[in-house]
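These are the residues of each chain, in order.
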Amino acid sequence: PNLKDERARIEKAGGRVVFDGYANHRVYAKHARYPGLNMSRCLGDLMGHADCGISCEPEVSDRELKPEDTHLLLCSDGVWEFIAPSEAVAIIAQFPAAKAMHAAERLA
């Protein structure tokens, strides 16, 4: 919710974004103190979707794969909030494809 376009989308839908004073921007219903999520897109939070403008639609981009593209990481904010993409690649690149689950566990 700290991105300008996400904040605008949330506010247009009736929600509000508040910086928590520590590290996160949180999404709330217009005149309430719920749900307090630190994400603007999620699955399954019915109150967040109905009252705050939180979306279940993913943000998608296209990328043409090249020979040097060797790994695909699909991670949630639980990873990207704490690990830079280059660090994540360095962690999982140590594992062969047959050990993909081990790579995921190490990343988590």
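So, a few notes on the structure that sits alongside this text.

Rules of the game
Residues numbered from 1 in each chain as written. Predicted model: local features only at pLDDT ≥ 70, side-chain atom pairs only at ≥ 80, totals over all residues. Heavy atoms only, no water. Helix = DSSP H or I, 4+ residues; strand = E, 2+ residues; numbered from the N terminus. Buried < 20%, exposed > 50% of the residue type's maximum accessible area, 1.4 Å probe, protein only. Contact = heavy atoms within 4.5 Å. Lys, Arg positive; Asp, Glu negative; His and termini not counted. Salt bridge = Lys/Arg side-chain N within 4 Å of Asp/Glu carboxyl O. Polar contact = N/O pair within 3.5 Å; in protein donor to acceptor, adjacent residues only side chain to side chain.

1. Brief notes about the environment of L73
- Assignment of secondary structure puts L73 in the loop between α2 (46–52) and α3 (77–80).
- Given the relative accessible area of 23%, L73 is considered partly exposed.
- Between the C-alpha atom of L73 and that of V89, which follows or precedes it by 16 residues, the distance is 8.1 Å.
- Other than its neighbours up to four places away in sequence, L73 contacts W80, A88, V89, I92 and L107.

2. Re unusual backbone geometry
- A cis geometry characterises the amide bond from Y34 onward to P35, with omega recorded as -10 degrees.
- Following the sequence through the fold, P35 ends up in strand β3 (residues 35–37).

3. Comments concerning the side chain of D45
- Position of D45 among the secondary structure elements: in the loop between β3 and α2.
- An unpaired buried charge is present at D45: no salt bridge exists, and R26, the closest side chain of opposite charge, is 10 Å distant.
- In contact with D45, other than residues within four places in its own chain, are P35 and L37.

4. Overview of the side chain of E6
- Mapped onto the fold, E6 is located in helix α1 (residues 4–12).
- Within polar-contact distance, the side chain of E6 engages the side chain of R9 at 2.9 Å.
- Engagement of the side chain of E6 in a polar contact is seen with the side chain of R41, the distance being 2.9 Å.
- Apart from residues no more than four positions distant in its own chain, E6 is found in contact with P1, S40 and R41.

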